[in-house]
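Chain and residue survey
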Amino acid sequence: MIDPGLTRRGFLVASSLAGGGLALGVSLGRSQAAPAADAGDTAFAPDVWIRIESDNRISFQIDRAEIGQGVMTALTQLLAEELEVDPTSVEVGFAPGDKMQMVGGSSSIRRSWEPLRRAGAAAREMLVRAAAEGWGVPEAECVASGAQVRHPASGRSASYGELAARAATYPVPEEPKLKEPAEWKTIGQPLPRLDARSKVDGSAQFGIDVELSGLRTAVVLRSPVFGGTLAGYSGELPDDVTAVEISSGLAVVADGYWRARQVADGLEVEWDEGEHASLSSASMTDAFRELALERGKSLTDEGDAIGELERSASSIEAIYELPFQAHATMEPQNCTAWVHDGICEIWVPTQNLNGARRAAAKICEIDTERVVAHQTMAGGGFGRRAEVDFVSEAVELANKIDAPVRVLFSREDDIQHDYYRPLTYHRLRAGFDAEGQPTSWCHHVVGPSLIADIASRSAAIYLPAWVPGPVVRGLRALGLSVIGSWIADPTTAEGARELPYEIANVCVEATSTGRAVPLGFWRSVGHSHNGFVVEGFIDELAAVAGVDPFEFRRRLLGEHSRNRGVLELAAERAGWGNPLPAGHALGIAQHESFGSFVAQVAEVSIGDAQEIHVHRVVCAVDCGRAINPDIVTAQMEGAIAFGLTAALKSEITLERGRVVQSNFHDFPLLRFNEMPEVEVHILESGAELGGIGEVGTPPIASAVANAVYAATGKRLRKLPLRLS
Amino acid sequence: MAIRLNVNGVERSVEATADTPLLWVLREDLRLTGTKFSCGRGFCGACTVHLDGQPVRSCSLPVGAAEGKNVTTIEGLSSDASHPVQTAWIAENVPQCGYCQSGQIMSAAALLANNPRPSDADIDTAMSGNLCRCGTYIRVRRAIHRAADQLAESAERGGER
């Protein structure tokens, strides 16, 4: 039977807490249908619980990972706004991953925006009713604020804690009344981050910090060639160290990381390198170059782009290339696991807690319910922690030894055993009429299929929830194995297939090849390459047309388009067209991703050694509405820094089936002294909410490359950008 | 072998080989986990602590080299996050994921101890060895200036008294 407290909409359920408190369970977004599908009509499984204890403590669990993007703070603001409590007084924890708990696609705020506010409002209305009935006064005469209900006419007041027991006896309001934006106190305010204190005094608990009695630490030796397997090993193994063969290689287990690493380094390990031992970035690029000349799977076909190209008065063609990219989270991947008393316990910094539990359950051959998962703070994510490879390793090991064990990657492991942003090769062509106006646009993206790779390894666990339904069905129909060049991966062309510019004939094609390199979601995914490519090539069109690149874009964007809104704001605030210091030049780019619109203007100069200096970036963002403008600003600053590392500094290359780079000396990150000034301007359009965590990354490489062109006349079409 | 060192004002003796990096002694023997492991080769600064007041990369410093010396970790900077660098960090909302921040803060605290009014160029020199993948650098710079202002104010008030 469905709990009578469940609202008609299926979002909320109320119950009493021991000691006289109120608990409100909230079902979020996509999970609305989950109770019926998962558990018939016998149970309602909320994603998060809000608790109001009789001593007035208010707590709630977020079903998201805090990977630095600020969700702990922003989600608390949503709840606190409607509940009428001080957000800084709310105790925030992590949900245990009973349901899909994937953090990706810049979805956290969008998904929780309605249900969390609705939950706060429902609880508030129940507490107001409890007060009003207790005092025998009309509800309308009572006011809730600061975690208490007051009756101004009589001067009475009661804390939420005092009212919680009575409130818990009421049905949950079906249509709680949400506040008008003009009434908001914390939404839209730059509330300081709730996790800041623990991150400046060393007390924040990351995965690597988990302490357990008798904890062992393992380092895993993995095949340097992707797909290789352990052939054998030899060497001295002291009494205090054990070596255990696991699926991914050889685990060396000791009391502490340093001991395990030292012993592991002394072992001679042989690998059967498998079929990919001759793979290289260069050979892949050669293959892609050939494929790009052929036709790909059509994704956008407006007008007659190819025909128009042939008929056009003039045309241009360009090749854009992007390498593999690593995530390089500052906290190396790790997971602690302990199999005991018929359960498997894991402690893990993850963007995918539910997937982690499922992976553990599969290895231990137990029900997912018997995997107890503890989400820790995560030292960066960027998509890397959507994978569960480190969970599988730790659980497989824990299943074989009688102690809790932590698998900890070295930086070398982390760089060389990542799930990479794919290497992609882009062929672009455009035709012009006699006046220099663009009449056709053709873009062919070639790259290995990210989705096929993810689907093939996670099918046993589940398919990521944000993969579009048709893709999932398509892959299932194919048995997940037959991913040939005739299938187009939607992530390959995302950010390319819907050209925002008004060009009459557009043809966007993709060729998704098979995969030998592990691929994964990398901050902004396909947008991360297509933002660079599309905005670079449109800049080339402006140059051919002889029109200022800002003005050229503006003319080709719809008058009321949000793309144009951010473009104009960024240009205006950057002083586009104004005089600059000698040797400096501006470049501009704009890109839509995850429902948000971002434009950036980069100011660069070129050094004596032909190195590119980025002095300043002006960024305009329209995410509909900023829940916490300071966090939005911080995410833009961070996304620009992340994108600049890929634009200027680093790449992953493959030779002989191996990743060449290994640590920050050959995979350098943007440094402090290289960080430009960043000015962020938020355009509050009031439109539907968009994402924030990823959306600042796609335009930056292009803004810089376009500025380099303005400064030097050299068009750079390959990342990382190199003038010499 | 037993190695003696003073950590956050307390004399400690640990059993370790002299070549064990100080980082692992701090984290695994002394359970001071605020100091972080990230690159293991001194490239990134996440493991920065003070050795007799100077910033060092504890992942690459053999514990034997710290014998008899004073080590300060993030846990020893203040007991209540009240060090001017820590309060400035909170005021500027610096951390994102937070993983590199112990190292950033220890580098900044060492800079200000030696140079209470650093220029932007001084800050560049002192902070360019501390990597942050979240890209908090702009706020780190602002927070260092803010902490310097606060130190100057405190010194002024102290001078008046």
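Residues numbered from 1 in each chain as written. Chains lettered and ligands numbered in written order. Predicted model: local features only at pLDDT ≥ 70, side-chain atom pairs only at ≥ 80, totals over all residues. Heavy atoms only, no water.

**With respect to the pairing of strand β4 (residues 58-62) of chain A**
Residues and elements named next belong to chain A. To be explicit about the condition: Three exposure classes are used, based on accessible area relative to the maximum for each residue type with a 1.4 Å probe and protein chains only: buried under 20%, partly exposed in between, and exposed over 50%. Labels follow the DSSP assignment, with helices taken as runs of H or I lasting at least four residues and strands as runs of E lasting at least two, numbered in each case from the N terminus. When DSSP finds two or more bridges between a pair of strands, those strands are recorded as paired.
Taking burial as the measure, the five residues of β4 include four buried ones, the bulk of the element. Relative to β4, strand β3 (residues 48-52) is paired through three bridges, and the arrangement is antiparallel. By the bridge assignment for β4, Arg51 is matched with Ser59. Following β3, the chain reverses through five residues before pairing antiparallel with β4; Asn56 in that reversal takes a positive phi of roughly 75°. In terms of strand pairing, β4 meets strand β5 (residues 91-94) through four bridges, oriented parallel. Looking across to β5, one finds that Phe60 is bridged to Val92.

**Structural notes on the packing of aromatic side chains**
Any aromatic ring pair is given by two values, namely how distant the centres are and how the planes are angled relative to each other. The condition that has to hold: Pairing of aromatic rings covers Phe, Tyr and Trp, the last through its six-membered ring, and needs centres within 6.5 Å; plane angles under 30 degrees mean stacked, over 60 mean edge-to-face, and all others mean tilted.
Throughout the structure, instances matching the rule amount to 13 aromatic pairs over all chains. Ring centres of B:Trp24 and B:Phe37 lie 4.9 Å apart, and the angle between their planes is 55°; on these two criteria the pair is classed as tilted. Here B:Phe37 lies in the loop between α1 (22-29) and β3 (48-51) and B:Trp24 lies in helix α1, a separation of 13 residues in the sequence. The exposure classification of B:Trp24 matches that of B:Phe37, with both residues buried. By the ring-pair criterion, three or more aromatic residues cluster together here, those being A:Phe226, A:Phe324 and A:Tyr420.

**A word on the domain arrangement of chain B**
All names here are of chain B. Condition: All the domain ranges listed were derived from an automatic or database domain assignment. In what follows, residue pairs with any heavy atoms lying within 4.5 Å of each other are defined as contacts. Reported buried area values correspond to the accessible surface (1.4 Å probe) lost by two parts on association, with both partners' losses combined.
Under the domain assignment, chain B is made up of domain 1 (2-77) and domain 2 (84-160). Using C-alpha coordinates to define each centre, domain 1 is positioned 21 Å away from domain 2. Of the residues lining the interface, 18 residues belong to domain 1; the matching set on domain 2 comes to 13 residues. For the domain 1 face of the interface with domain 2, the top three residues by lost area are Cys44, Ile74 and Leu77, together amounting to 33%.

**So, the environment of A:Arg129**
Residue and element names in this part refer to chain A. Residue placement: Arg129 occurs in helix α3 (residues 108-135). Judged by relative accessible area, which is 27%, Arg129 ranks as partly exposed. In the structure, Arg129 is positioned 37 residues away from Arg166 in sequence and 9.0 Å away in space, judged by C-alpha atoms.

**A short note on the nonpolar core**
Going by this rule: Side-chain atoms within 4.5 Å link the members of a nonpolar core, which is a set of buried Ala, Val, Leu, Ile, Met, Phe, Trp, Tyr and Cys residues.
Ranked by size, the top nonpolar core spans 215 residues in total, and within it A:Leu24, A:Val149, A:Tyr160, A:Trp441, A:Ile612, A:Val704 and B:Trp89 carry the most contacts. It is α3(A) that contributes the most residues to this core, 13 residues altogether. Ignoring any residue separated from it by four or fewer positions in sequence, one finds B:Trp89 in contact with A:Val200, B:Val94, B:Pro95, B:Gln101, B:Gln104, B:Ile105, B:Ala108, B:Val140, B:Ala143 and B:Ile144. Core analysis: the second largest hydrophobic core is formed by 30 residues, A:Cys335, A:Ala360, A:Ala361 and A:Ile401 among them.

**Section: the sheet that holds strand β20 (residues 424-432) of chain A**
Hydrogen bonds along the backbone pair up the strands of a sheet, which may run parallel or antiparallel. Residues and elements named next belong to chain A. As a reminder, the rule being used: Only C-alpha atoms enter the line fits that serve as axes; for helices the fit covers just the stretch in contact. Angles between N-to-C directions range over 0 to 180 degrees.
Across the sheet, which stays open at both edges, the five strands sit in the order β14-β22-β21-β20-β15 with mixed pairing between neighbours. Across the chains shown, the open sheet's two edge strands, defined by having one partner strand only, are β14 (297-302) and β15 (314-322). In this sheet, neighbouring strand axes are inclined to one another by 10° on average, regardless of whether the strands run parallel or antiparallel. Both β15 and β20 contribute to a ladder of nine bridges, which runs antiparallel.

**Quick look at the state of the cysteines**
Note on terminology: disulfide describes a covalent bond linking the sulfur atoms of two cysteines. Heads up, the rule is: Here, two cysteine sulfur atoms that lie within 2.5 Å of each other are counted as a disulfide.
Counted under the stated rule, the structure contains zero disulfides over all chains. B:Cys44 provides the cysteine sulfur closest to B:Cys39, a residue in no disulfide bond, and the two sulfurs are 3.8 Å apart.

**A word on the interface of chain B and chain A**
Basically, it comes down to this: What counts as a salt bridge is simple: a side-chain nitrogen of Lys or Arg found within 4 Å of a carboxyl oxygen of Asp or Glu. Whenever two N or O atoms come within 3.5 Å, that pair is a polar contact, provided that in protein one can donate a hydrogen and the other can accept it, and provided that, for residues adjacent in sequence, both atoms are side-chain atoms. Residue classes follow a fixed rule: Ala, Val, Leu, Ile, Met, Phe, Trp, Tyr, Cys and Pro count as nonpolar, while Asp, Glu, Lys and Arg count as charged, and any other residue, Gly among them, counts as polar.
Opposite the 47 residues of chain B that make contact, chain A presents 60 residues. With both sides pooled, the region where chain B packs onto chain A buries about 4,500 Å², and carbon together with sulfur makes up 57% of that total. Summed over the three residues of chain B that lose the most area to chain A, namely B:Gln96, B:Arg133 and B:Tyr137, the buried surface amounts to 19% of that side. Inspection of the region where chain B meets chain A yields six salt bridges. Here A:Asp209 and B:Arg27 are joined by a salt bridge, their closest N and O atoms 2.9 Å apart. Viewed at the interface, chain A and chain B are joined by 24 residue pairs in polar contact (both at pLDDT 80 or more). Of all the secondary structure elements, the ones that give two or more residues to the side of chain B that touches chain A are α1, α2 (74-77), α3 (84-91), α4 (101-114), α5 (120-127) and α6 (137-160) of chain B. Element by element, the count of residues in the side of chain B that touches chain A is highest for α6(B), at five residues. Of the residues that constitute the side of chain B that touches chain A, the class distribution is 22 nonpolar, 13 polar and 12 charged.

**Things to note about helix α2 (residues 71-83) of chain A**
All names here are of chain A. We apply this condition: In a helix, the anticipated span is given by 1.5 Å times the number of residues less one.
Between its first and last C-alpha atoms α2 spans 18 Å; for 13 residues at 1.5 Å apiece the expected length is 18 Å, and the two agree. Judged by how many residues are buried, α2 sits mostly within the fold: 13 of 13 residues are covered. Directly beyond the C-terminal end of α2, a positive phi value near 65° is found at Glu84.

**Remarks on the pattern of salt bridges**
Tallying each qualifying case throughout the model produces 56 salt bridges over all chains. Note that A:Arg411 is salt-bridged to A:Asp414, the shortest N-O span being 3.0 Å. Here the residue A:Arg411 and the residue A:Asp414 both occupy positions in helix α11 (residues 411-416), the gap between them amounting to three residues, near one helical turn. Both residues of the pair, A:Arg411 and A:Asp414, belong to the buried class. The closest approach of N and O atoms between B:Glu92 and B:Arg146, which form a salt bridge, is 3.0 Å. One end of the pair, B:Glu92, is in the loop between α3 and α4; the other, B:Arg146, is in helix α6, and 54 residues separate them in sequence. For B:Glu92, a relative accessible area of 13% corresponds to the buried category. Residue class for B:Arg146 comes out partly exposed when judged on its relative accessible area of 38%.

**Observations regarding the environment of A:Phe432**
With respect to the element layout, A:Phe432 can be found in strand β20. By relative accessible area, which is 1% here, A:Phe432 ends up buried.

**Re helix α7 (residues 281-293) of chain A**
All names here are of chain A. Heads up, the condition is: In this description, one arc is meant: the one made by directions from the helix axis to the C-beta atoms.
Here α7 contains 13 residues, and its C-alpha end-to-end distance of 19 Å stays within 8% of the 18 Å for a straight helix at 1.5 Å per residue. Listed as buried for α7 are Ser281, Met284, Thr285, Phe288 and Ala292. Buried residues along α7 cover an arc of 100° about the axis, so they all sit on one side. The exposed residues of α7 that point more than 90 degrees off its buried face are Glu290 and Leu293. Those residues of α7 that are buried are in contact with β15, β20, β21 (438-448), β22 (505-513) and β26 (654-655).

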